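Tertiary structure, described
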Amino acid sequence: MTRVQRQGVELEIADPTVLFSQGRTGLPVVDLWLAAVNPYQMTSPSRVYSPDLKRPRVTTWP
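Description of the structure in this document. The structure displayed is predicted, hence computed values, not measured ones.

Turning our eyes to something else, we now look at the overall build of the chain. Along the backbone of the chain there are 2 helices and 2 strands. Reading the chain from its N terminus to its C terminus gives the helix and strand order β-β-α-α. In terms of overall dimensions, the chain is more spread out than a globule: its C-alpha atoms have a radius of gyration of 20 Å, far above the 11 Å expected for 62 residues. Overall size of the chain, expressed as C-alpha extent along the three principal axes, is 75 × 30 × 20 Å. Approximately 6,900 Å² of the chain is accessible, and the part contributed by carbon and sulfur atoms is 59%. Positive and negative side-chain charges in the chain, numbering 7 and 5 respectively, have mean positions lying 17 Å apart.

Right, dumping it as structure tokens:
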């Protein structure tokens, strides 16, 4: 269901499959931020950074 009308109030909800296929979330503020930081909609694996977790120790062999 994408459209409901009751007592003179009409509510239309976007189809989630179309939103996800376009790389959108359905939240206007989030979609604007994503468009600003990724204007060409390039796909890549996501990363999560946390200030609470220590980074793993990385050593290089000469």
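This part covers the pairing of strand S2 (residues 9-12). Looking at chain direction, strand S1 (residues 3-6) and S2 are connected through 4 bridges and run antiparallel. From the neighbouring strand, Val4 faces S2, where its bridge partner is Leu11. As consecutive antiparallel partners, S1 and S2 are separated by 2 residues, and within that stretch Gln7 has a phi angle of approximately 50°, a positive value.

Each value, and the rule that gives it
Residues numbered from 1 in each chain as written. Predicted model: local features only at pLDDT ≥ 70, side-chain atom pairs only at ≥ 80, totals over all residues. Heavy atoms only, no water. Helix = DSSP H or I, 4+ residues; strand = E, 2+ residues; numbered from the N terminus. Rg over C-alpha atoms; globule rule 2.2 N^0.38 Å. Areas by Shrake-Rupley, 256 points an atom, 1.4 Å probe, with all protein chains shown as cover. Lys, Arg positive; Asp, Glu negative; His and termini not counted. Charge placed at Lys NZ, Arg CZ, Asp CG, Glu CD. Pairing = 2+ DSSP bridges.

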